[in-house]
Amino acid sequence: MTIFRSGAAAVAAALWLAVPAYGQEYPAKPVRIIVPLAPGGLGDQLSRVIAQKLAPTAKQPVIVENRTGGGGIIGAEAAARAAPDGYTLFTGLHNTQAILPHLYAKLPYDPVKDFEPVILMATVPNVLVVHPSVPARTVKELVALAKARRRELTYASQGVGSSGHIAGELFRFATHADIVHVPYKGAAPAIVDLTAGHVSMMFDIMSFALPNMRAGKVRGLAVATASRLPVVGDLPTMAEAGFPEVEGGAWFALFAPAGTPRPAIDWWNRETRGVFSDAEVRERFVSQGAALPLGTPAALGAFVAAESQRWGRVIRSAGIKLE
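Engineer: Quick question: what am I supposed to make of the pairing of strand E4 (residues 115–130) here?
Structural biologist: Counting buried residues along E4, 14 of its 16 residues qualify, which places the element largely inside the surrounding structure. When E4 meets strand E9 (residues 249–257), the two strands line up antiparallel, connected through 9 bridges. Residue pairing for E9: Ile 119 is matched across the bridge by Leu 254. In terms of strand pairing, E4 meets strand E8 (residues 219–223) through 4 bridges, oriented antiparallel. Looking at the pairing, Val 129 lines up with Gly 220 of E8.

Engineer: What should I look at first to understand the packing of helix H7 (residues 163–175) against helix H12 (residues 297–318) in this one?
Structural biologist: Angle between the axes and distance between the axes: these two values describe a pair of packed helices. At a minimum axis distance of 10 Å, the contact between H7 and H12 shows a crossing angle of 70°. Our classification of the angle between H7 and H12 gives roughly perpendicular. On the side of H7, the interface is formed by Ile 166, Glu 169, Leu 170 and Phe 173, while H12 contributes Trp 311, Val 314, Ile 315, Ser 317 and Ala 318. Of the residues in the contact of H7 with H12, the class split is 7 nonpolar, 1 polar and 1 charged.

Engineer: Please explain the confidence of the model for the chain as it appears in this structure.
Structural biologist: Detailed reading of the predicted coordinates is not advisable wherever pLDDT falls low. Averaged over all residues, the pLDDT of the chain is 90; the fraction at 70 or higher stands at 92%. For the stretch residues 1–22, pLDDT sits under 50, and the model shows 16 contacts to residues farther than four places along the chain or on other chains.

Engineer: Which parts of the structure should I look at to understand the packing of aromatic side chains?
Structural biologist: For any two aromatic rings, the description comes down to two numbers: the centre-to-centre distance and the angle of the planes. Using the criterion set out here, one finds 9 aromatic pairs in the structure. Look at Trp 251 and Phe 303: their rings are 5.2 Å apart centre to centre, the planes differ by 80°, and that puts the pair in the edge-to-face class. Remark: Phe 303 occurs in helix H12 and Trp 251 occurs in strand E9; sequence separation between them is 52 residues. Phe 303 gets classed as partly exposed once you look at its relative accessible area, which sits at 24%. Three or more aromatic residues link up through ring pairs in this structure, and these residues are Tyr 26, Tyr 87, Trp 267 and Trp 268. The cationic tip of Arg 310 hangs over the ring face of Trp 311; the distance from NZ or CZ to the ring centre is 4.4 Å.

Engineer: Please clarify how the pairing of strand E2 (residues 62–66) should be interpreted in this entry.
Structural biologist: Along any regular strand the residues' side chains alternate between the sheet's two faces. Strand direction decides the pairing type here: strand E1 (residues 31–35) and E2, joined by 5 bridges, are parallel. Counterpart to Val 31 in the pairing with E2 is Val 62. Note on the crossover from E1 through helix H3 (residues 42–58) to E2: the handedness is right-handed.

Criteria and cut-off values
- Residues numbered from 1 in each chain as written.
- Predicted model: local features only at pLDDT ≥ 70, side-chain atom pairs only at ≥ 80, totals over all residues.
- Heavy atoms only, no water.
- Buried < 20%, exposed > 50% of the residue type's maximum accessible area, 1.4 Å probe, protein only.
- Helix = DSSP H or I, 4+ residues; strand = E, 2+ residues; numbered from the N terminus.
- Pairing = 2+ DSSP bridges.
- Axes fitted to C-alpha atoms, helices over the stretch in contact; angles between N-to-C directions.
- Parallel < 35°, antiparallel > 145°, perpendicular 65-115°, else oblique.
- Contact = heavy atoms within 4.5 Å.
- Nonpolar A, V, L, I, M, F, W, Y, C, P; charged D, E, K, R; others polar.
- pLDDT = per-residue confidence, 0-100.
- Phe/Tyr/Trp six-rings, centres within 6.5 Å; stacked < 30°, edge-to-face > 60°.
- Lys NZ or Arg CZ within 6 Å of the ring centre and 35° of its normal.
- Right-handed = clockwise from strand over helix to strand, strands pointing away.

Structure follows, in structure tokens:
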């Protein structure tokens, strides 16, 4: 299979180079970015900024196509089956590329073989938040409370297998806290119940949690990242709380169907770096708690492999499965 893929990529590249005008004029027609998420979320925002900023450079429409469903599976499958001609991109994320492959015995796409990495756009760490009624102002106080009140404290997640669920399981393993998982169908209902006090805590991505933290609807205890975030500089990290293994969050990256010619991948990598290097664009996302790593296609490939390996271990340890 590897030899076949390599051969296909070589043929595609040869065809690209064999028609100089096509390469020189790229893109010569509209380009679509498939987003496996509903409009309005961070992955959608990132994709629409690219579409808006690159349309004048490309001199072609750049269309964002939201293909939701199946926790990202429907959009990922559509992108994987698209023609590898440089005119379809895919906004892949932690779920589609690093988590779902460990939850399902079989997926209609392969996150490695069916995609070419282009660029890592943004990473957003999880933050541990509790309802204000929870009498804990530090992670250590929360752990002590959970041990004293076994199975009384609950943690919400965006759904079984979501980054919030896996972060909660990682927290449970690291702290030996006996807390109960309450899965929801998406982030919105989980946050509604958390702010209403129906559940005790949640691992939510910083961009979603920040408005509720600032409004006093939830209390932030720690960010699940290696270093503090400037946007909440007074909030300690999980490492500072004594649990460095509790690290992770959401990330969003551009991919292309396997076999997409290298000149197209390089074009998107270069132009996307330009978009997110703009000070105003960077500030828009950094102010939401995001980091913009960017980097090379090879760096994205290595990042995805490491993420898949790490989350796979957690999923296997927790015995999480979806059918």
